[in-house]
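Here is how the chains run, residue by residue.
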Amino acid sequence: MTKPTGSKKTNGAKATGAQRLRILVLHGPNLNLLGTREPGIYGKTTLANIHKKMEARARAAGLQLETYQSNHEGELVDRVQSAHEEGVGFIIINPGAYSHTSIAIPDALKAVNIPYIEVHISNIHAREVFRHHSHFSAGAQGVICGLGVLGYDLALEAALTNLAQS
């Protein structure tokens, strides 16, 4: 599991403008294995490398970016709920296999009403039939799939634009 970077809970306190300038990047199951897991599908870039690049870009834009990965659905639900308490302004999520099985995580995203973009490294529509439907897509501001790790960069640029306009 990737540890959160630089987060503090506000214990229900009202979010400040600075807190709203935070982006949370969530990764679901098995994404901790990027770089070694099926490199023909997911590439050779590690999750740490993805995070490092995203954090640098967010910092250059004057925003804080936190990353979190879990193989456990309930932990991802808890992290989404905490993001609301902390005043996170935008979420980028690669739900991994939970895209096709989880109702709890999309329900949590709907409950907290934080805009989010769904990212998939592979093109889920060109894979097994059970991967063609994502429970996250209907509530997402956008969906990026099949562009490899570039999808994270594109999602971050969209998040930065969204936050600058809000």
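Keep in mind it's a predicted model, so treat the numbers as computed, not measured.

J.: Sorry if this is basic, but what is going on with the overall build of the protein chain here?
T.: When helices and strands are counted, the protein chain shows seven helices and five strands. Beginning at the N terminus, the succession of helices and strands in the protein chain can be written as α-β-α-α-β-α-β-α-α-β-β-α. Out of the 166 residues in the protein chain, the part that is buried amounts to 47%. For the protein chain, the share of sequence-separated contacts (at least 6 apart) that also reach a separation of at least 24 residues comes to 78%. Accessible area for the protein chain stands at about 8,100 Å²; split by element, carbon and sulfur atoms hold 54% of it.

J.: Looking at this model, I keep getting lost on the sheet that holds strand 4 (residues 116-120). Mind explaining?
T.: Two modes of strand pairing occur in sheets, parallel and antiparallel, and in both the strands are linked by backbone hydrogen bonds. On the basis of which strands lie adjacent, the open sheet formed by five strands has the order 2-1-3-4-5 and parallel pairing. Each having just a single partner strand, strand 2 (64-69) and strand 5 (142-145) make up the two edges of the open sheet. The sheet shows a mean angle of 15° between the axes of neighbouring strands, taken without regard to direction. Note: strand 1 (residues 22-27) against strand 2, six bridges, orientation parallel. Each residue of the ladder has a partner; that of Leu26, found in strand 2, is Tyr68. In this fold helix 7 (residues 150-165) packs onto strand 1, strand 2, strand 3 (90-94), strand 4 and strand 5, with an angle of close to 165° to the strand it touches most, strand 3.

Conventions used here
Residues numbered from 1 in each chain as written. Predicted model: local features only at pLDDT ≥ 70, side-chain atom pairs only at ≥ 80, totals over all residues. Heavy atoms only, no water. Helix = DSSP H or I, 4+ residues; strand = E, 2+ residues; numbered from the N terminus. Buried < 20%, exposed > 50% of the residue type's maximum accessible area, 1.4 Å probe, protein only. Contact = heavy atoms within 4.5 Å. Areas by Shrake-Rupley, 256 points an atom, 1.4 Å probe, with all protein chains shown as cover. Pairing = 2+ DSSP bridges. Axes fitted to C-alpha atoms, helices over the stretch in contact; angles between N-to-C directions.

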